[in-house]
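Below, each chain spelled out in residue letters.
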Amino acid sequence: RDLMEKVNLSVKADRDWITDAMNRMGEAFEKAHNDWDKKHAAAKEKKRRERAEQAAAAAAGVGGDLAAGGAKVKLSENAKAAKAARAGRKREGEDLRAKRKGADAHFGNARALAVKEQALAGKAEQ
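Residues numbered from 1 in each chain as written. Predicted model: local features only at pLDDT ≥ 70, side-chain atom pairs only at ≥ 80, totals over all residues. Heavy atoms only, no water.

### Remarks on the confidence of the model for the chain
A low pLDDT score tells you not to read the predicted coordinates there in detail. Within the chain, residue pLDDT values average 75, and 65% of them lie at 70 or more. The element-level mean pLDDT for the chain is lowest in helix α1 (residues 2-6), coming to 65, with helix α2 (residues 12-62) highest at 88. (pLDDT = per-residue confidence, 0-100. Helix = DSSP H or I, 4+ residues; strand = E, 2+ residues; numbered from the N terminus.)

Here it is as structure tokens:
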């Protein structure tokens, strides 16, 4: 609204375009942020898996009994990793919903203002 007042925009189409542009910028920022979070989590998980594989390979090289124990450790680690991944996806969904609510709080004011101005413009025309 401040931007629109500074440039004295009285044309409704221009005001709507600015409001829509603000929404698009907010959504693009959220998408980029979420993409970065996913890549970061995938890289972290890959590094953890590689370390686990190295530990299992080291245990397998020591002796047969330890190799069997290493396989059991590997299976339990895989199960833990799968559980953590499911929990991570659930958290990402919750985080995304929270971020969208936050974005709506920031950009919602512009939306509400645009709706209010449209309603006032409709009353003025009648």
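### Describing empty space enclosed by the protein
Taken as a whole, this structure holds two cavities of 30 Å³ or more when the rule is applied. Within this model, the second largest cavity holds a volume of roughly 40 Å³. K12, R15, D16, A114, E117 and Q118 together form the lining of the second largest cavity. Split into classes, the residues belonging to the lining of the second largest cavity amount to one nonpolar, one polar and four charged. (1 Å grid on protein atoms, 1.4 Å probe; cavity = no way out; pocket = protein on both sides within 12 Å on 5 of 7 lines; lining within 4 Å. Points joined across faces, edges and corners; volume = space filled by probe spheres on them. Nonpolar A, V, L, I, M, F, W, Y, C, P; charged D, E, K, R; others polar.)

### Examining the pattern of salt bridges
Going through the model one piece at a time under the given rule, you end up with three salt bridges. The salt bridge partner of D35 is K31, with a shortest N-O separation of 3.1 Å. A residue pair is termed a helical-turn pair when its members lie 3 or 4 positions apart in one helix, as D35 and K31 do in helix α2 at four residues. Owing to a relative accessible area of 55%, K31 belongs among the exposed residues under this scheme. E45 is the partner of R48 in a salt bridge, and the nearest nitrogen-oxygen pair spans 2.9 Å. One end of the pair, R48, and the other, E45, are both in helix α2, three residues apart, so they sit about a helical turn from each other. Each member of the salt-bridge network shares a partner with another, and the members are E45, R48 and R49. (Salt bridge = Lys/Arg side-chain N within 4 Å of Asp/Glu carboxyl O. Buried < 20%, exposed > 50% of the residue type's maximum accessible area, 1.4 Å probe, protein only.)

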